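# An overview of the molecular structure
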Amino acid sequence: QLQLVESGGGLVQPGGSLRLSCAASGFTLDYYAIGWFRQAPGKEREGVSCISSGGRSTNYTDSVKGRFTISRNNAKNTVYLQMNSLKPEDTAVYYCAADEYYGGSNYFCSMGRYDYDYWGQGTQVTVSS
């Protein structure tokens, strides 16, 4: 029963902000890298951001750099994605995922969806006026 549950999505105006949360149950996140992915209708699932197991290293796709911030609180078994200056192009279902293989490194996380072992059910983010 290793589960990830996303929350915090919703409808927001362009330029607004949301904070997504990814809570783990059945396991601890201390030894897992975590990624955030998103998928819009008719499009491929793309990596948005990732964070290494200890939080030392982070990556962002170019389209969200300077606007999104990933963080983790291992004591709370939760990872966050702060999204600011949201654009209509950010509209998608957002998923968090846990990677056991690269979790042993505090200096690496993968932006590739095929590297991840466990996935949440997703939360809808809609940016519209």
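A word on the overall build of the protein chain. Regarding its fold elements, the protein chain presents zero helices and 11 strands. Going residue by residue from the N terminus, the α and β elements of the protein chain occur as β-β-β-β-β-β-β-β-β-β-β. Expressed as a percentage of its 129 residues, the buried residues of the protein chain come to 44%. In the protein chain, of all internal contacts separated by at least 6 residues, the share reaching a separation of at least 24 is 63%. Carbon and sulfur atoms form 46% of the exposed surface of the protein chain, whose accessible area is close to 6500 Å².

Residues Leu4, Trp36, Phe68, Val79, Leu81, Met83 and Tyr94 are the most contacted members of the largest nonpolar core, which totals 27 residues. Mapped by element, the contributors of at least two residues to this core are β3 (18-25), β4 (33-39), β5 (46-51), β7 (68-73), β8 (78-83), β9 (92-99) and β11 (123-127). With residues near it in sequence (within four places) discarded, Leu81 still touches Leu18, Arg19, Leu20, Trp36, Val48, Ser49, Phe68, Thr69, Ile70 and Tyr94. Core analysis: the next-biggest nonpolar cluster, separate from the first, contains six residues, Ala33, Phe37, Ala97 and Tyr116 among them.

All right, on to the pattern of salt bridges then. Following the criterion strictly, the structure yields five salt bridges and no others. Asp90 is the salt-bridge partner of Arg38, the closest N and O atoms lying 2.9 Å from each other. Of this pair, Arg38 sits in strand β4 while Asp90 sits in the loop between β8 and β9, placing them 52 residues apart in sequence. Both residues of the pair, Arg38 and Asp90, belong to the buried class. What emerges from the salt-bridge pattern is a single network uniting Arg38, Glu46, Arg67 and Asp90.

Reading across the sheet, the four strands line up as β1-β3-β8-β7 and stay open at both edges, with antiparallel pairing between neighbours. Each of the sheet's edge strands pairs with one partner strand only, and the pair in question is β1 (3-7) and β7. When the angles between neighbouring strand axes are averaged without regard to direction, this sheet yields 15°. Two elements, β3 and β8, share six bridges in a ladder whose sense is antiparallel. From the neighbouring strand, Leu20 faces β8, where its bridge partner is Leu81.

Another point: unusual backbone geometry. In the Ramachandran plot, Asn77 falls in the positive-phi region, its phi being about 60° despite a non-glycine side chain. Following the sequence through the fold, Asn77 ends up in the loop between β7 and β8. Overall, the relative accessible area of 14% leaves Asn77 in the buried class. In the Ramachandran plot, Ser85 falls in the positive-phi region, its phi being about 50° despite a non-glycine side chain.

Here is what the cut-offs are and how they apply
- Residues numbered from 1 in each chain as written.
- Predicted model: local features only at pLDDT ≥ 70, side-chain atom pairs only at ≥ 80, totals over all residues.
- Heavy atoms only, no water.
- Helix = DSSP H or I, 4+ residues; strand = E, 2+ residues; numbered from the N terminus.
- Buried < 20%, exposed > 50% of the residue type's maximum accessible area, 1.4 Å probe, protein only.
- Contact = heavy atoms within 4.5 Å.
- Areas by Shrake-Rupley, 256 points an atom, 1.4 Å probe, with all protein chains shown as cover.
- Core = buried A, V, L, I, M, F, W, Y, C linked by side-chain atoms within 4.5 Å.
- Salt bridge = Lys/Arg side-chain N within 4 Å of Asp/Glu carboxyl O.
- Pairing = 2+ DSSP bridges.
- Axes fitted to C-alpha atoms, helices over the stretch in contact; angles between N-to-C directions.

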